[in-house]
Amino acid sequence: MNQLQLFLPCAAGVEELLAHEVHHLTGLKGQDLLTHRGGVLARASWRDVMLLNLHGRLAQRVLVQLSLTTYRSEKDLYEAASAVAWEIWFTTRQTFKIEVTAQHSPLTSLNFAALKIKDAVADRFRHKTGVRPDVDTQWPDVRIYAHLTTDTATLYIDTSGEPLFKRGWREDTGEAPLKETLAAAMIAASGWEALAADGVPLYDPCCGSGTIAIEAAQIACNIAPGMLRSFAFEKYLPFQAHVWSAIKKEAADAQVVRATGQKPIIFGSDVAHRMVDFAQRNAQRAGVADVIEFRGGDALQRMPPTDVPGVMLLNPPYGERIEVAGVAGREQAITEDGGEFFSQLATHWKKNYPNWTAWVLTPDLKLPGKMRLKESRRVPMWNGPIECRMFRFDMVK
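Keep in mind the model is a prediction, meaning the values are calculated, not measured.

Asker: An account of the side chain of threonine 211 is needed here, citing residue identities and associated values.
Answerer: Mapped onto the elements, threonine 211 comes out in helix H7 (residues 211-220). Sequence-distant contacts of threonine 211, that is, excluding residues within four places in its chain, are made with Trp169, Arg170, Leu178, Lys179, Glu180 and Ala183.

Asker: Can you lay out the nonpolar core for me, pointing to particular residues and giving the numbers?
Answerer: In this structure, Leu6, Phe90, Trp192, Ile266, Ile292 and Met381 are the most contacted members of the largest nonpolar core, which totals 100 residues. When residues in this core are grouped by element, the largest group, seven residues, is from helix H5 (residues 180-190). With sequence-adjacent residues up to four places away left out, phenylalanine 90 is seen in contact with Phe96, Val121, Phe125, Pro133, Val142, Ile144, Ile157 and Leu237. Formed by 22 residues, the second largest nonpolar core is a distinct cluster that contains Tyr203, Leu314, Met371 and Met395.

Asker: Explain the environment of histidine 36 residue by residue, including any values.
Answerer: Following the sequence through the fold, histidine 36 ends up in strand E2 (residues 33-36). What makes histidine 36 partly exposed here is its relative accessible area of 42%. Spatially, the C-alpha atom of histidine 36 lies 9.1 Å from that of glutamate 16, the residues being 20 residues apart in sequence.

Asker: Tell me about the packing of aromatic side chains, and name the residues and values.
Answerer: Under the defined criterion, the tally for this structure stands at 13 aromatic pairs. Geometrically, the ring pair formed by tryptophan 46 and phenylalanine 233 is edge-to-face, given 6.2 Å between the ring centres and 80° between the ring planes. Placement of tryptophan 46 in helix H2 (residues 46-55) and of phenylalanine 233 in the loop between H7 and helix H8 (241-253) is noted, with a sequence separation of 187 residues between them. Taking the relative accessible area as the measure of exposure, phenylalanine 233 reaches 0% and is therefore buried. Ring plane angle 45° and centroid distance 6.1 Å describe the contact between phenylalanine 233 and phenylalanine 239, whose orientation is recorded as tilted. We note that phenylalanine 233, like phenylalanine 239, is buried. An aromatic cluster is defined as three or more aromatic residues linked by ring pairs; in this entry it consists of Trp46, Trp89, Phe231, Phe233, Tyr236, Phe239 and Trp244.

Asker: I'd like to hear about the packing of H5 against H7, residue by residue, with values.
Answerer: Helix-helix packing: each pair is described by the crossing angle between the helix axes and the interaxial distance. Two elements in contact, H5 and H7, have axes whose closest approach is 9 Å; the angle formed by their N-to-C orientations is 65°. Compared by their axis directions, H5 and H7 come out roughly perpendicular. H5 and H7 meet at a crossing whose hand is right-handed. In this structure, H5 contributes Glu180, Ala183, Ala184, Met186 and Ile187 to the contact, and H7 contributes Thr211, Ile212, Glu215, Ala216 and Ile219. When its residues are assigned to classes, the contact of H5 with H7 shows seven nonpolar, one polar and two charged.

Reading guide: rules and limits
Residues numbered from 1 in each chain as written. Predicted model: local features only at pLDDT ≥ 70, side-chain atom pairs only at ≥ 80, totals over all residues. Heavy atoms only, no water. Helix = DSSP H or I, 4+ residues; strand = E, 2+ residues; numbered from the N terminus. Contact = heavy atoms within 4.5 Å. Core = buried A, V, L, I, M, F, W, Y, C linked by side-chain atoms within 4.5 Å. Buried < 20%, exposed > 50% of the residue type's maximum accessible area, 1.4 Å probe, protein only. Phe/Tyr/Trp six-rings, centres within 6.5 Å; stacked < 30°, edge-to-face > 60°. Axes fitted to C-alpha atoms, helices over the stretch in contact; angles between N-to-C directions. Parallel < 35°, antiparallel > 145°, perpendicular 65-115°, else oblique. Left-handed = near helix turned anticlockwise from the far one by under 90°. Nonpolar A, V, L, I, M, F, W, Y, C, P; charged D, E, K, R; others polar.

Structure (structure tokens):
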């Protein structure tokens, strides 16, 4: 278990940031750590698997690669899955599920491909033990992933279980909440983490249920994102409870406790007071309620939360959601694409936020023109299937 081939999938555009995070957490580098389209490949140990699940903020899962073969038919997939020693990972008392993804696969049915892989896993167990494990498509103990290209099939066992953006603290959400992994990627791309030690504030003026602010607060307090949840690897045969306990204790001991009366440097506000309540409750569960100051208020009216210039980080509403961003309690002419809102927001920032840096994640590639601002950087980043850009604007009065 000391030479495992891992694949950590992530949102497109986040690969370099993820590679940097994996290096920081494990020390891996060179040929042991390679960026790949849609994720990072790593040669690592079983202990690294546990560390990456507990501390990783940017990956969607931690997958262990168990097979890489060429294929032309479902029969080849059956043989590839039959050759994997599943019995060293789990037992017939555990349930499993097969998920298949493909890029340019010649096979006509991915469901049939999944069925053949499922049969191979079950048949191998029956051959070895006389019993087959059950399938559970809802809440399996073991998730097995197959990824098919035009001619190769890769089989993985998932060590995470629920996707890693599910940190365990977010119970209250609004519409279209930002995933925690993407919020963490925005923070990483902005470079705020390096500035936080010097007291540079972070502010999200469209905070919704508080995702960006809470991720930032956990980073500032060195709270491991996986502390509140469990992982699939805890049910696997290589799992050693005493090693895992030591890793979690080390993480708990490394948390930074804020001094009593210390002023917060992380702020969030939202025009909907209901969302501010959600954000505060989520922050409480995440253990950072005393580190963030949430307030109600309109993005077009709120003044800077601190005298010190800082970093604004926001994923503003767009499309149908843009209407909730505008001025509360009075009529406002908003064009369908939000142009009116964004031009007014830029005017407000130029007047009241001198020397602040604003990072805006948006699918609108023409946003700088609508804001009449010139971006100093643009970072490609995908929000699920939506292609976005993170624009950096440096505010000058």
